[in-house]
Every structure is written in structure tokens, then in C-alpha cells.
Amino acid sequence: MQSMKKSIYTVTSVKALHGWDPGEDGYLATLRRDGQKIGLAGMEANGGCERFEMSDGDLERLIEDAHRALGQKRQDLEKSVHTWDGRGVASEFVEQLVRDYEEQKWLKRNSKTKTLYKLKGQKPEQFGTWPKRPYSMEVHEYLVKKYGDKLVTVYDRQGGVASL
């Protein structure tokens, strides 16, 4: 019997593909499962289809894992007007990985020159900033004192979450 160990998927080497319509940009990324490269995944620009370059076995496992990971969202996708086959669900899963990768890259880049923090009630794309002061314990303590329970997250110099 196969172990039900939860696999961890990540993307690296994400390349943006730009088409004529900015709302239809795509990507190409290296897909890794538990740290090991399993292939390439992408979405063509200009509304093209998903693209997977990996063995059939790895693609089947990706589809199974994507179904489990997306849970209710997968069911909502399958009820939509689109026909969501396994590749469509896997594509949605990989797109979330790419968005997470891009956000982490942005946080890391911006945390080098200023302190970023998140307060309760802010939208996911909103951040408070302390310009020209990268993260330090002094800044951290000031933010905790100033915002108290409203402070949700403070990011360190690498874009990681500093414990509160």
C-alpha cells in the first residue's frame, strides 16, 4: 500500500511570458516535488493552454495531489462553465505556487531596504512599511509597541516572517 505522505511542491526558475494582452501573461517554471525536479510547468501567454513537461507518472501524481490540495476550490472549479479536467486542476495548483513564489521574491527584495509589516484588516496585497530602515529588533519592538494586537506580521530582511 502506498504511503499517504503529503508531498511538498515548489517552483523555481520562474520565467514570465508576455503576450499582447497584459491580462493574459503566462509563465514557465521548474516544478519540484519534495525538493526534486520533476519537470517543467507553464501557461502560454495570450490565453494559451497549460503545459506540462514531465513523465506521465509524475503528471498523474501531480493531478492527484492538486485535487487534494485544492479541496473545495477544486469542486467550485469543476462546477464552473469551464470543463476542468485533471490538467486544468493541476494548472490552477501550479499557478498558486507561482503566485506564492512571486510574492516571496517581492517580499525578499523589498525587505532589504525597508521593514514591511501587515496589520489586521489589510488586504493581502497591502503592507505597511517603514522606509529606509530594514528589519531590526529595535524596529520590531517599536511596531509591536505602536500597533499592539493590530500587528499581524513583521517581515525580516529575507522576506521571512519574524516571530512576534
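Residues numbered from 1 in each chain as written. Predicted model: local features only at pLDDT ≥ 70, side-chain atom pairs only at ≥ 80, totals over all residues. Heavy atoms only, no water.

### Describing the sheet that holds strand β6 (residues 128-130)
Strand pairs in the sheet, formed through backbone hydrogen bonds, run parallel or antiparallel to each other. Pairing is antiparallel across the open sheet formed by 4 strands, whose spatial order is β6-β5-β7-β8. Two strands bound the open sheet, and with one partner strand each, they are β6 and β8 (161-162). Across 3 bridges, the pairing between strand β5 (residues 115-119) and β6 is antiparallel. Looking across to β6, one finds that Tyr117 is bridged to Gly128. (Pairing = 2+ DSSP bridges. Helix = DSSP H or I, 4+ residues; strand = E, 2+ residues; numbered from the N terminus.)

### A short note on helix α3 (residues 137-147)
Considered for burial, the residues of α3 that qualify are Val139, His140 and Leu143. End-on, the buried residues of α3 take up no more than an arc of 100°, which puts them together on one face. In α3, the exposed residues that point more than 90 degrees away from the buried face are Glu138, Glu141 and Lys145. On its buried side, α3 packs onto β5, β6, β7 (151-155) and β8. (Buried < 20%, exposed > 50% of the residue type's maximum accessible area, 1.4 Å probe, protein only. Arc of directions from axis to C-beta. Contact = heavy atoms within 4.5 Å.)

### Focus: the pattern of salt bridges
Scanning the model with the defined rule gives 7 salt bridges in all. A salt bridge links Asp58 to Arg33; the nearest nitrogen and oxygen atoms lie 2.6 Å apart. Highlighted residues: Asp58 in helix α1 (residues 56-79) and Arg33 in strand β2 (residues 26-33), separated in sequence by 25 residues. Between Arg99 and Glu95 there is a salt bridge, with its nearest N and O atoms 4.0 Å apart. Taken together, the residues Arg99 and Glu95, both in helix α2 (residues 86-111) and 4 residues apart, mark about one turn of the helix. (Salt bridge = Lys/Arg side-chain N within 4 Å of Asp/Glu carboxyl O.)

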